[in-house]
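# Close look at the chain arrangement
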Number of protein chains: 2
Amino acid sequence: MAITLKEVAERAGVSRSAVSRTYTDGASVSPKTRKKVEKAAKELGYSPNALASSLTTGRTKLIGLISNNFHNPLFLEVFDLFTRRLQEKGLRPLLVNLTDETDPEHSLRMLKQYSVDGVIVASSTLLPEFAKAFHDAKIPVVHSFGRFASAPDVHVVGVDNVECGRMAARTLLARGYKHIGFLGGPKGATSTIDRRAGFMEVIGQAKGIKVKVSNAAAYSFEAGRAAMLKELKASPAEAYFCGDDVMSIGALSAIESAGLAAPEDIGIIGLNDMEMAKWENINLTTIRQPIKQIVDSSVELVIAALEDRYRHPEARLFSCQVMERGTLRPL
Amino acid sequence: MAITLKEVAERAGVSRSAVSRTYTDGASVSPKTRKKVEKAAKELGYSPNALASSLTTGRTKLIGLISNNFHNPLFLEVFDLFTRRLQEKGLRPLLVNLTDETDPEHSLRMLKQYSVDGVIVASSTLLPEFAKAFHDAKIPVVHSFGRFASAPDVHVVGVDNVECGRMAARTLLARGYKHIGFLGGPKGATSTIDRRAGFMEVIGQAKGIKVKVSNAAAYSFEAGRAAMLKELKASPAEAYFCGDDVMSIGALSAIESAGLAAPEDIGIIGLNDMEMAKWENINLTTIRQPIKQIVDSSVELVIAALEDRYRHPEARLFSCQVMERGTLRPL
DNA sequence: ATTAAGATTGCAACCGGTTGCAAAAATTGT
DNA sequence: ACAATTTTTGCAACCGGTTGCAATCTTAAT
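Residues numbered from 1 in each chain as written. Chains lettered and ligands numbered in written order. Predicted model: local features only at pLDDT ≥ 70, side-chain atom pairs only at ≥ 80, totals over all residues. Heavy atoms only, no water.

What the domain assignment lists for chain A is domain 1 (5-48), domain 2 (62-159 + 291-318) and domain 3 (161-289). Here the C-alpha centroids of domain 1 of chain A and domain 2 of chain A sit 36 Å apart. (Domains from an automatic or database assignment.)

What follows is the structure, encoded as structure tokens:
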């Protein structure tokens with residue numbers, strides 16, 4: 001196997017404690033022994049076993065990164081940001097794919113077995129059993145991209161979806177659309193519910209506006225396309241706020257298939273601002289979620305929670321921003 | 001902290017070994033004690049500490065999953081498949097983002113510190129220093145989506161890029177294109193080099209065919225678009241084999257911007273067959289890499305290499321397949 | 001009932017580190 | 001040069017498990 005502390009100690013002619021202390025900051029070692037140890041370590045190619053040390057220190061520096069969004073391109077960007085940020089902070093992401101087929105119980109047990117220091121759930125919904133299990137085990141959980149106050153015993157970082165809904169509605173109204181559609185994601189999704197609430201609130205305050213509400217079966221291209229095709233058969237609205245960017249692209253494809261165009265015939269505003277939204281052939285007007293900030297803040301929060309296990313659950317909400325592009329008629 | 005083996009032993013009235021053995025398969029425990037232990041464990045909510053046990057068994061069941069492809073949507077699918085497959089096999093992916101800015105040395109040390117059992121590098125290129133470092137540490141490495149024989153001391157699973165090039169060329173020739181373009185990825189990329197070789201080989205054997213070769217700056221939408229815009233200024237070919245699907249979509253966008261259409265004015269064939277390629281508004285004819293097979297095979301191979309550290313480096317190549325869609329003129 | 005073979009059990013040492021404590025060494029002050 | 005401090009060091013116990021070994025208990029066979 002690999003070189004161990006003991007071997008380094010022997011070669012350096014010091015005790016094992018001395019070696020250990022050279023690699024523990026804040027420990028007392030004279031420059032002389034440190035030098036000797038470092039020399040021996042280099043010669044042997046020693047690197048300390050993080051797992052063994054975790055046994056006594058109680059810190060693995062492992063963070064469970066849990067998600068079920070393995071089909072939304074936005075999450076590739078999110079994973080990129082998370083892995084980098086965690087690496088920068090000296091933490092290691094243990095990735096868990098929590099897709100429907102996979103057993104949550106199992107993932108849970110697994111994360112406990114590996115004694116992760118903390119958990120980041122990057123998903124719009126968080127299973128309550130999950131939150132509870134980690135809470136019981138005193139493992140900090142941050143729900144990233146989560147719903148504010150959905151689970152009171154968990155830190156949450158994300159956007160205010162109600163406000164996103166309002167923002168979408170205001171944007172459409174400002175452009176003079178009178179017949180407006182809300183084409184949401186799956187009916188039960190909390191994100192959909194919240195956005196719809198904000199959306200309807202603003203529309204309700206305006207005069208002479210007609211609204212249509214419908215839902216796609218999933219946050220996916222296919223579902224967005226199917227939903228829009230259905231809309232086009234009945235009398236469609238002039239512009240739609242779509243559940244997310246992927247759905248929006250599906251909707252755009254439906255519009256195109258019907259021989260229509262955006263924004264000339266139907267306007268679309270999406271949500272997320274994933275990288276693809278600014279591709280010239282898509283050029284989607286959308287509401288941007290500040291994913292970098294959400295990620296950075298999530299990591300910061302999980303670290304803070306690590307240091308103070310009894311820290312009060314906290315919600316951090318970031319504001320979104322309309323990205324003007326080409327799928328809504330101009331102001 | 002969490003419940004330990006000792007506490008379970010006390011409550012069950014047996015020795016620590018007995019408890020340990022209940023959770024080690026193949027160990028000798030009577031049904032009676034097993035029952036007692038399991039009862040006590042349940043009551044206490046015990047789950048064994050995988051890290052502590054790794055200390056003696058020398059197996060962490062941690063697999064380093066290293067990639068630098070955090071901008072190619074195909075890799076979201078790849079990560080999905082990898083995480084699921086590894087989970088199914090009882091292994092845990094420790095994700096490492098090896099983007100240019102991040103220090104490879106650092107990642108390397110990290111993976112050693114966490115004593116990963118094996119490493120899967122999901123990237124078209126593998127730094128030789130990486131391969132060597134793991135080889136020295138006797139940690140099996142599988143280079144997934146790698147180049148055959150690029151590094152002789154490493155297992156590799158992927159496709160034969162030379163054959164992909166040939167396939168692309170044959171496909172274009174079969175459709176009667178006479179002026180053909182190879183619009184590759186970055187010049188130095190081995191994948192580009194290999195595909196080009198196969199492509200030119202077939203073209204060279206055909207009669208009366210004109211070829212143009214050019215390279216995009218990266219496997220990205222922007223680069224693909226820029227490269228195609230440039231092509232369109234000079235006399236473009238009738239059809240192009242593009243470096244990958246993302247580049248192809250960029251190229252399509254350029255064609256559209258120029259007021260032209262695929263396949264009427266210019267044909268495009270891509271490579272990868274990422275999910276998006278079959279979206280109706282893209283409908284890209286492309287060469288499919290069997291990513292599920294590559295992933296499954298990679299996981300299987302890393303497991304095999306785990307069991308036999310002296311297993312001979314092996315290359316597993318899968319064949320690709322043309323996916324007929326709408327960006328090439330029909331046969 | 002007696003014995004040999006097989007299964008089960010606990011002891012104790014070990015995996016690769018960390019850390020409290022007391023002894024030893026170095027430093028300071030006079 | 002000597003005592004009082006401060007720093008550095010090694011010992012030994014511990015973190016949470018595993019495992020070889022010898023002792024004990026079962027079971028089967030005579």
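That was the structure; now back to the text.
With that settled, the discussion passes to the protein's contact with DNA strand C. Around DNA strand C, a shell composed of 25 residues is seen, among which L5(A), R16(A), S20(A), R21(B) and S30(B) lie nearest. The sugar and phosphate moieties of DNA strand C supply 58% of its atoms located within 4 Å of the protein. Between DNA strand C and the protein, one listed contact pairs a base nitrogen with a side-chain N or O atom of S17(B) at 3.0 Å. S30(B) places a side-chain nitrogen or oxygen 2.8 Å from a phosphate oxygen of DNA strand C. At the level of elements, α2 (16-22) and α4 (50-57) of chain A together with α2 (16-22) and α4 (50-57) of chain B are the ones that each hand at least two residues to the surface near DNA strand C. The class makeup of the residues in the surface near DNA strand C is nine nonpolar, 13 polar and three charged. (Near = heavy atom within 4 Å. Polar contact = N/O pair within 3.5 Å; in protein donor to acceptor, adjacent residues only side chain to side chain. Helix = DSSP H or I, 4+ residues; strand = E, 2+ residues; numbered from the N terminus. Nonpolar A, V, L, I, M, F, W, Y, C, P; charged D, E, K, R; others polar.)

Right, let's talk about the sheet that holds strand β12 (residues 321-323) of chain B for a bit. All names here are of chain B. If you trace the six strands from one edge of the open sheet to the other, you get β7-β6-β8-β9-β10-β12, paired in mixed fashion. With partners counted over all chains shown, the strands left at the sheet margins are β7 (210-215) and β12, one partner each. Across the sheet, the mean angle from the axis of one strand to that of its neighbour is 25°, orientation sign disregarded. In terms of strand pairing, strand β8 (residues 239-242) meets strand β9 (residues 267-272) through three bridges, oriented parallel. Pairing of A239 across the sheet is with G267, part of β9. Set on the sheet, helix α9 (residues 190-205) makes contact with β6 (179-184), β7, β8 and β9; between it and β6 the angle comes to about 170°. (Pairing = 2+ DSSP bridges. Axes fitted to C-alpha atoms, helices over the stretch in contact; angles between N-to-C directions. Contact = heavy atoms within 4.5 Å.)

Residues and elements named next belong to chain B. Note that R316 resides in strand β11 (residues 315-318). A relative accessible area of 15% places R316 in the buried class. One polar contact links R316 to E300, side chain to side chain, over a distance of 3.1 Å. Looking at R316, its side chain comes within polar contact range of the side chain of E314, at 2.8 Å. Setting aside chain neighbours within four positions, we find R316 in contact with V156, V157, G158, S297, E300, L301 and R311. (Buried < 20%, exposed > 50% of the residue type's maximum accessible area, 1.4 Å probe, protein only.)

One pair of aromatic rings is described through two measures. These are the centre distance and the angle between the planes. Throughout the structure, instances matching the rule amount to 18 aromatic pairs over all chains. Judged by centre distance (5.6 Å) and plane angle (25°), the rings of F199(B) and F241(B) are stacked. One end of the pair, F199(B), is in helix α9; the other, F241(B), is in strand β8, and 42 residues separate them in sequence. One aromatic cluster in this structure is built from F70(A), F75(A), F79(A) and F145(A). Sitting above the plane of the Y177(A) ring, R329(A) keeps its charged end 4.1 Å from the centroid. (Phe/Tyr/Trp six-rings, centres within 6.5 Å; stacked < 30°, edge-to-face > 60°. Lys NZ or Arg CZ within 6 Å of the ring centre and 35° of its normal.)

For any two helices packed against each other, one specifies the inter-axial angle together with the distance between the axes. Residue and element names in this part refer to chain B. Packing of helix α5 (residues 74-88) against helix α12 (residues 291-307) brings their axes to within 9 Å, and their N-to-C directions diverge by 40°. With respect to their mutual orientation, α5 and α12 come out oblique. In the packing of α5 onto α12, the handedness of the crossing is right-handed. Each of L74, E77, V78, L81, F82, R85 and L86 in α5 lies in contact with α12, whose residues at this interface are I291, K292, V295, D296, S298 and V299. The class makeup of the residues in the contact of α5 with α12 is eight nonpolar, one polar and four charged. (Parallel < 35°, antiparallel > 145°, perpendicular 65-115°, else oblique. Left-handed = near helix turned anticlockwise from the far one by under 90°.)

Another point: the relation of the copies chain A and chain B. Of the transformation superimposing chain A on chain B, the axial component is 0.0 Å and the angular component is 180°, with the fit at an RMSD of 0.1 Å. Viewed as a symmetry operation, the transformation between the two copies matches a two-fold axis. The position closest to the rotation axis in chain A is occupied by the C-alpha of L94(A), lying 2.4 Å away. When the interface residues of chain A are mapped onto chain B, 98% of them are again interface residues, pointing to one common binding face. (Least-squares fit on C-alpha atoms with pLDDT ≥ 70 in both.)

On the chain B side, the residues contacting the 50 residues of chain A number 50 residues. For the pair chain A and chain B, the two sides together bury roughly 4900 Å², of which 62% comes from carbon and sulfur. Put simply, chain A and chain B have two salt bridges between them. One salt bridge connects E280(A) with R225(B), and the closest N-O pair in it is separated by 3.5 Å. In this structure, the connection of chain A to chain B is made through 15 residue pairs in polar contact (both at pLDDT 80 or more). Secondary structure elements with two or more residues in the side of chain A that touches chain B: α4, α5 (74-88), β2 (92-97), α6 (104-113), α10 (221-233) and α11 (245-257) of chain A. The element contributing the most residues to the side of chain A that touches chain B is α5(A), with seven residues. Within the side of chain A that touches chain B, the residues separate by chemical class into 22 nonpolar, 17 polar and 11 charged. (Buried area = accessible area lost by both parts, 1.4 Å probe. Salt bridge = Lys/Arg side-chain N within 4 Å of Asp/Glu carboxyl O.)

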